[in-house]
Amino acid sequence: DGGITQSPKYLFRKEGQNVTLSCEQNLNHDAMYWYRQDPGQGLRLIYYSQIVNDFQKGDIAEGYSVSREKKESFPLTVTSAQKNPTAFYLCASGLAGPTAEQYFGPGTRLTVT
Amino acid sequence: GDSVTQMEGPVTLSEEAFLTINCTYTATGYPSLFWYVQYPGEGLQLLLKATKADDKGSNKGFEATYRKETTSFHLEKGSVQVSDSAVYFCALLNTGGFKTIFGAGTRLFVKA
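Residues numbered from 1 in each chain as written. Chains lettered and ligands numbered in written order. Predicted model: local features only at pLDDT ≥ 70, side-chain atom pairs only at ≥ 80, totals over all residues. Heavy atoms only, no water.

**Digging into the interface of chain A and chain B**
Using the following cut-off: Contacts are assigned to residue pairs that have any heavy atoms within 4.5 Å of one another. Accessible-area loss on putting two parts together, using a 1.4 Å probe and summing over both, is the definition of buried area adopted here. Just to be clear on terms, a salt bridge is a Lys or Arg side-chain nitrogen sitting within 4 Å of an Asp or Glu carboxyl oxygen.
The partner chain B presents 22 residues to the 23 residues of chain A that form the contact. Summed over both partners, the interface of chain A with chain B comes to about 1,700 Å²; 57% of that surface belongs to carbon and sulfur atoms. When residues of chain A are sorted by the area they lose upon contact with chain B, A:Pro98, A:Glu101 and A:Phe104 head the list and together hold 26% of the total. At the surface where chain A touches chain B, the tally comes to two salt bridges.

Here is the structure:
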């Protein structure tokens, strides 16, 4: 089945450690996105990529890094520089174009203590 | 810049009640408009969309009409069910852009 997978569903880390969240899609989409969602709030864009080997900062990129070496994969690293990393992280993908919706993964809930 | 404003929640309704969730937007040009739904602990799913003025998007009994004159895209359903309990997000994607702008979300509770 086509879709987006994120792993793991739940992730626990100690403060000061970097952690990488996985996102894979088999929808053949060029564009991929990472969002952060805090309780009771909307989505905030961290990074996005329109094509392989290229990505742009979103609204809250500080303390995060990404790579896009393959079309199917867009991993997100939460670094120790991110001041408040505990959140629900959502990955999405979509076709290019002004009418294209996004397809979301199931999310990863990261808890840093 | 572009923005989306939704009515604040939570909205609590009894089963079979009529639902309206208001959404207005600010954008230059002619954006596409979307409603996404998020069930507890899950990612978002597209519920419906409209890509030009006066278009009506519909799915699973929900519908919304793209009103350019009032810059609105209100979500409606004639008879809600308990299974409709979720968070609903209004969103826009502007011409030439790759960034979808999401509203803050409106939580809906439906009581049996």
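**Considering the pattern of salt bridges**
Evaluation of the coordinates by the stated rule reveals eight salt bridges over all chains. Here B:Asp55 and B:Lys52 are joined by a salt bridge, their closest N and O atoms 3.4 Å apart. Each member of the salt-bridge network shares a partner with another, and the members are A:Arg36, A:Asp38 and A:Arg44.

**Observations concerning unusual backbone geometry**
Put simply, the rule reads: Counting from the N terminus, the helices are DSSP H or I runs at least four residues long and the strands are E runs at least two residues long. Relative accessibility thresholds used throughout: buried, under 20% of the residue-type maximum; exposed, over 50%; partly exposed, between the two (1.4 Å probe, protein chains only).
Note that the residue after A:Ser7, namely A:Pro8, is joined by a cis bond; omega there is -10°. Mapped onto the elements of the fold, A:Pro8 is located in the loop between β1 (4–7) and β2 (10–13). Residue B:Pro10 follows B:Gly9 across a cis peptide bond; omega there is 0°. Among the structural elements, B:Pro10 can be located in the loop between β1 (3–6) and β2 (11–14). Despite not being glycine, B:Glu16 shows a phi value in the positive range, around 75°. For B:Glu16, the location among the structural elements is in the loop between β2 and β3 (19–21). Given a relative accessible area of 62%, B:Glu16 falls into the exposed group. A positive phi angle, close to 75°, is found at B:Asp54, a residue other than glycine.

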